[in-house]
Each structure stands twice: as structure tokens, then as C-alpha cells.
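Spelled out from the first residue to the last, the chains are:
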Amino acid sequence: MAELSLESVQEDYTRDGTVDLKGNPVLRSKRGGWTACSFLVVYEVFERIAFNGIASNLVRYLTRELHQGTVTSANNVTNWVGTMWLSPIIGAYVADAYLGRYWTFMIGSIIYILGMLLLTLAVSVPSLKPPACKNNTNAGIYFNCKETSPLHLGIFFLSLYILAIGNGGCKANISTIGADQFDAFDQKERARKHSFFNWWLFSVFFGNLIAATVLVYIQDNVGWAVGYALCTFGLMLAVIIFVIGTPFYRHKLPVGSPFTKMAKVLVAALRKRTVPLPSDTKELYELSLTAQVETKQFQIKATDSLRCLNKAAVRIPGKNSPWELCTVTQVEETKQMLKMLPILVSTFVPSMMLAQVNTLFVKQGMTLNRRIGAHFQIPPASLQAFGIISMLISIVIYDRLGVPFLRKFTKIPRGISILQRIGIGQVLYIVTAAVAAMTEHHRLRVAREHGVVGTGATVPLTIFILLPQFVIMGIADAFMDPARFEFFYDQAPEGMKSLGTSYNFTSLGIGNFLSSLLLSIVSHLTKRNGGKGWILNNLNESRLDYYYTFFMALNCLNFVFLIVVSKNFVYKAEVSETETGH
């Protein structure tokens, strides 16, 4: 039998500080890699079915069952979805600073399931929901409705926001747990991490597709109780699958929150704002190479950008506390996160546009002829499936044909830079808004011609006239969504990847809240001085075409802002040689 040297034994252990749940070092051959990630990918499919099973058709439930108007129902959806996307920031902080990703995820899962169970009860038990309206126009207008009591609203929204709190512990950590399964110090495993993220995005899209077709149909035609019960079952199955994979996972111990690290740099630089910087950056404070290896840290050299922050690393006798002296690496990590903020801001308006898919786009569909044949009616929210399919097809075409073709001219491995891909997505959002405005203008004209404006009756147009705006939105998402996720993860320093992931959540969360704010402001302002208003409960009397035109103008201004901030952005050193374009 061949001897097993100490060096070969050590080589089989991961070098990025990952451990098992007991804190012991792990063998690369025993844990992590694709074996572990297969459980996470399957989990994400079922979790997405559960989440989107609620989100994609929520505006219809609020309208039909809780008797809410257009603005109120749309804002309640975007406020809740915004909370769902912002709560992971808190989950990431708890994981990094205290509990670690695994246990934060498990606690979040329990809360998530409790919220789903309560939500299922809220839509199932007759005493927990208001009585149905006596008649309606079948186009989203309901008459003779009893006012929904505070008890009914309270239970329903309490369950939604309990669900959102639990989601914060799950969504913040599940993708980073996946990234932890690949050793950052091993070249082969780092390459496999990119493949994991591709499959991860596929699982997200596949789960969304099932939710927008099967679950939405069940909710509209079988019943909300059955539809929501299936969402709950899907989530419980997802968590069970995750737990089964526990023996295969690698874990990273809590090392402190990136927010705290950044705060220390800002405070230290502020305290030493009057201290001169040394002419040689080598005089700034940094850990020894031995200490960096022991703590599994990547060293970053000092740069001249945001030089004022370099003062946090200036040595002063007697000023050695973590809030007075920071390493150069810590300073540069903070700089990199701050430099991404303008790009983050430029993604808010596209996220606002994306919020319309679950709200106003669905409300439009409720006013149109949804029949296919004599007996089948397509649920309004199911048109989202066409957007998801167009996104998947576009990603495959871009990856297999677009990237190799563009690479010949740009010499960039990705074909074009990440910011250029984001820019193409934003241009397509402008096109989406323009198409939505023209489609709505046509719908309103037909409503007037057939005398259904005041009655709110169904407009004699097929629901498939909305298909172009869903399809173009899907193509836009194919450029925007992967690029936004990749940009914030890739450009974040190694020690702050979780915060980079949080930037992606922040974009979607703030975008939804801004959508609520904008809808309320436009609704209020257009009713002033005797105005009829652009957004009414009866969409046949509304002017959504004006609203979408305003969105188009807003997206145009945002695109100009993206161009300006992109010109000044410098990519991280690892990719700066290839990502020369902006």
C-alpha cells in the first residue's frame, strides 16, 4: 500500500476555512461540491414555486376576495414583495455576525413555514375572510361588496409579513451556502462555482414557471385554499430536501458582519480626517502574510481611489482599537462596496418596472377576454409564464450564440462587459414601457367603441394583446437579472460576498417600494383640481397609457444616469484587464 504523506492529507482539506457543523475541518472529497449543491438547487425550485405561487397572483386575491381597489391592491403587493426582498439584508447580518448561515437559514425556514400555514388558514376558514361580493363584471370590478373587517385584513397581512420575516433568514443565505461548497483557494472548484450559479438561476426560473402556470390556474379555478395549501406543501418539501443534504454541506463560521467592517473604516477615517497620509502606501497598516493565511483572507493592495478612506489605515501610537485602525484590505473592501452604490441606484427604476408584472399587467389582463375555446379561461397572471419562457430562451441564445460572436470583436470573455449587458436590459425596459403604453391606448379605444367604459365590463379583445409586453420584459430580464446578480456578487470583495448579494436584494426591494410610492403620488396628483385621475378601480376609465408613457420617460432618464456612472466605474483588479468596456 502506498504511503499517505502529511502533505497529501492536508491538500485534501479545504483551504478556505470551511468546517462541518461541529466546527471540524472538512475533506474536499467528503463534503461540498455538486453533491451538496444538488440539494440546494432542488430546494430553490420548490421554494420559488411557493413564493411565486403567492406573489404572482396576489393582486387578484386582494381584488376579488379582500375587495381592494387598483391602487390599494397594487401597493399592498409591491410593499410586501419589497419587504420580501429587503428582509434578507437582516438575515445576512444575523448569519455573518452571530449564528452562521446554516442555523440562520433553519430558524428562518421555521418562521417561513409558520407564515405559510397561517396564510393558508386565512384563505380557507370562512370566518377569517370576508363574504364574497354578490355580483361582478368578471373584469375586475366588483359590486355589492361588504367592507373587509380589520380582523380579516389583520390576519391576512400578519401571515404575509411573518412569511416575509422567515424569508429573510432563508433567501439571504441559501445562495451563499451554495457558494461555500466550492473552495475559493482551489482553481477547479472556483470554476465550478460559475456553473452552480447558472443552474441556480435555472432553478429560479423553472420554479417561477410552474407557479405562474399550474398554481395560478388552481387558485383561479379550483380554489385559493387548495392553491395556497400546495404552496405551503411545496415550501415544507423544499426545507425537508435541504435538511436531507446536511451531511454533505461545508459551513463557514461567523466572522462578523460586513456592515460592521465598513462602519469601522468610516469611523476610523473620520476620526483621523486631519492626519496626513504617508507618501508610501506600504507604511499603512496591514496584517502580515502569515496572519492572512491563518485567517483565510485575500490581501488587497492600497489604491488611490477614495484616498480619504486610506486614513483609516494610518498608524498612530496608542490608537489601535478596531474603530481607530483598520487594515488596508479592510479599507479597500469598503471602497469597492461604496463604488458600487451608484450602479445600485441605477437599478432601482428597472426594478420598479419589473414590479408592474405582478400588479398592473395582471389587472389589465382581468379586463380582457381570457377564453380559449368554449370551456377554458387563461388566468391573467399566467401570462407571466410567457415572459419566463422568453427569458429562458433568450439566456440560452445569448450564452450559446451571442457571447461567442461578440467575443471575437471585443476580446472580452463574457462577450460584453457586465455593465453593457445591464445597459441593454435597461434599453429593453424602455421598449417594454413603450409597447405597454401603445397596447393600453388600443385597449381603451376599443373599450370606448364598444361602450364598456362606464360599466367596467370585459373589453372584447383577447388577453394575448398583452403578450408582447410580457415577452419583451422577459428578454429584458434575460440581460438584466443575471448581469445584476453577477455584477454585485463578482465585484464584491471576497470578504463581503454576502453584502454583494444583499445589494441585489436591495435593488429589487427598494424598486418595489418606489413603485408603491410612485403609483400613490401619480394617483393623487392626477385627481387634483377636479382631475379624473390616471389610475382608477375601473381600468376602462383609467389612463394607464399615460402612466406607462411616464414610465418610459423615467427609464430613459435612468439609462442616461447609468451611462454616466458606468464611465466612472473601475472594475475589480481580477477582471479589469478583460472588462475594458463599460
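Residues numbered from 1 in each chain as written. Predicted model: local features only at pLDDT ≥ 70, side-chain atom pairs only at ≥ 80, totals over all residues. Heavy atoms only, no water.

Visitor: Residue-level account of the packing of helix α6 (residues 150-180) against helix α18 (residues 497-525), with values.
Guide: Put simply, α6 and α18 touch, their axes get as near as 10 Å, and they point 130° apart. Classified by the angle between their axes, α6 and α18 sit oblique to one another. Where α6 crosses over α18, the two elements pack in a sense that is right-handed. Seen from α6, the contacting residues are K171, A172, S175 and T176; seen from α18, they are S498, T501 and F505. (Axes fitted to C-alpha atoms, helices over the stretch in contact; angles between N-to-C directions. Helix = DSSP H or I, 4+ residues; strand = E, 2+ residues; numbered from the N terminus. Parallel < 35°, antiparallel > 145°, perpendicular 65-115°, else oblique. Left-handed = near helix turned anticlockwise from the far one by under 90°. Contact = heavy atoms within 4.5 Å.)

Visitor: With reference to specific residues and values, describe empty space enclosed by the protein.
Guide: Applying the stated criterion across every chain, the model contains two cavities of 30 Å³ or more. A volume near 770 Å³ is recorded for the largest cavity. Lining the largest cavity we find 39 residues, and of these R48, W85, N208, L354 and D481 sit closest to its centre. Elements supplying a minimum of two residues to the lining of the largest cavity: α2 (33-55), α4 (70-99), α6, α7 (187-221), α13 (348-355), α15 (384-410), α17 (467-491) and α18. (1 Å grid on protein atoms, 1.4 Å probe; cavity = no way out; pocket = protein on both sides within 12 Å on 5 of 7 lines; lining within 4 Å. Points joined across faces, edges and corners; volume = space filled by probe spheres on them.)

Visitor: Tell me about the confidence of the model for the protein, and name the residues and values.
Guide: In this model, the protein carries an average pLDDT of 87, and 90% of its residues clear a pLDDT of 70 or more. Long-range and interchain partners of residues 575-581, a stretch whose pLDDT sits below 50, account for 17 contacts in this model, where long-range means more than four residues apart. (pLDDT = per-residue confidence, 0-100.)

Visitor: A description of the packing of aromatic side chains should follow, citing residues and the corresponding values.
Guide: Applying the stated criterion across every chain yields a total of 31 aromatic pairs. Measuring from centroid to centroid gives 6.2 Å for Y43 and F242, while their planes differ by 65°, and the two rings are edge-to-face. You can see Y43 sitting in helix α2 and its partner F242 sitting in helix α8 (residues 224-244), a full 199 residues away along the chain. Pair check on accessibility: Y43 and F242 agree, each one buried. Here Y547 and Y548 contribute two aromatic rings whose centre-to-centre distance is 6.5 Å and whose plane-to-plane angle is 50°, an arrangement assigned as tilted. The class for Y547 is buried, based on a relative accessible area of 0%. Through pairs of rings, three or more aromatic residues link up here, namely Y43, Y102, W103, F105, F242 and Y249. Taking NZ or CZ as reference, K171 lies 5.1 Å from the ring centre of F51, over its face. Above the plane of the ring of Y546 lies R543, whose end atom (NZ or CZ) is 4.2 Å from the centre. (Phe/Tyr/Trp six-rings, centres within 6.5 Å; stacked < 30°, edge-to-face > 60°. Buried < 20%, exposed > 50% of the residue type's maximum accessible area, 1.4 Å probe, protein only. Lys NZ or Arg CZ within 6 Å of the ring centre and 35° of its normal.)

Visitor: Explain the pattern of salt bridges to me, using residue names and the numbers behind them.
Guide: A complete count under the given rule lists 17 salt bridges for this structure. Close ionic contact of D180 with R101 constitutes a salt bridge, the shortest N to O distance being 2.4 Å. Note that D180 is positioned in helix α6 and R101 in helix α5 (residues 101-124), a separation of 79 residues in sequence. Taken as a pair, D180 and R101 share a single burial class, namely buried. (Salt bridge = Lys/Arg side-chain N within 4 Å of Asp/Glu carboxyl O.)

Visitor: Mind laying out the packing of α4 against α18, listing which residues take part and the relevant values?
Guide: Two quantities define a packed helix pair, namely the angle between the axes and the distance from one axis to the other. At their nearest, the axes of α4 and α18 sit 8 Å apart, and the two run at 160° to each other. Relative to α18, the element α4 lies roughly antiparallel. Note on packing geometry: the crossing formed by α4 with α18 is left-handed. For the contact of α4 with α18, the residue count by class is 13 nonpolar, 14 polar and one charged. (Nonpolar A, V, L, I, M, F, W, Y, C, P; charged D, E, K, R; others polar.)

Visitor: Go over the environment of Q384, please, and point to the residues and values.
Guide: Mapped onto the secondary structure, Q384 falls in helix α15. Given the relative accessible area of 7%, Q384 is considered buried. C-alpha of Q384 to C-alpha of A211: the two residues are 173 residues apart in sequence and 9.6 Å apart in space. Each residue touching Q384, except ones within four places of it in the same chain, is listed here: S56, A212, V357, N358, V362 and F470. A distance of 3.1 Å separates a polar side-chain atom of Q384 from the backbone oxygen of S56. (Polar contact = N/O pair within 3.5 Å; in protein donor to acceptor, adjacent residues only side chain to side chain.)

Visitor: Which residues make up the nonpolar core, and what values do they have?
Guide: Core analysis: the biggest nonpolar cluster contains 71 residues, and W80, F156 and F242 have the highest contact counts within it. With residues up to four places along the chain from it excluded, the contact list for F156 reads L58, Y61, L62, L66, L119, A122 and V123. (Core = buried A, V, L, I, M, F, W, Y, C linked by side-chain atoms within 4.5 Å.)

Visitor: Tell me about unusual backbone geometry, and please be specific about residues and values.
Guide: One non-glycine residue, L306, lies in positive phi territory at about 50°. The residue L306 is located in the loop between α10 (289-294) and α11 (328-339) in this model. The phi dihedral of K411 is positive, around 65°, even though this residue is not glycine. For K411, the position within the fold is in the loop between α15 and α16 (418-449).

Visitor: Tell me about α2, residues and numbers included.
Guide: Taking 1.5 Å of rise per residue, 23 residues should cover 33 Å, and α2 covers 32 Å from first to last C-alpha, within 8% of that figure. Counting buried residues in α2 gives 18 out of 23 residues, a clear majority hidden from the surface. (Expected span 1.5 Å × (residues − 1).)

Visitor: Tell me about a nonpolar patch on the surface, and please be specific about residues and values.
Guide: A surface patch of nonpolar side chains, amounting to about 520 Å² of accessible area, comprises L21, Y98, L99, W103 and I107. Those elements that provide at least two residues to the nonpolar patch are α4 and α5. Mapped onto the elements of the fold, Y98 is located in helix α4. (Patch = residues over 30% accessible without salt bridge, like charges linked within 9 Å, V, L, I, M, F, W, Y side chains within 5 Å. Areas by Shrake-Rupley, 256 points an atom, 1.4 Å probe, with all protein chains shown as cover.)

Visitor: Mind laying out the environment of V565, listing which residues take part and the relevant values?
Guide: Tracing the chain through its elements places V565 in helix α19 (residues 544-567). Since its relative accessible area comes to 13%, V565 is described here as buried. When the C-alpha positions of V565 and K193 are compared, they lie 29 Å apart, and in sequence the two are 372 residues distant. Every residue in contact with V565, bar those within four places of it in the chain, is listed here: P342 and I343.

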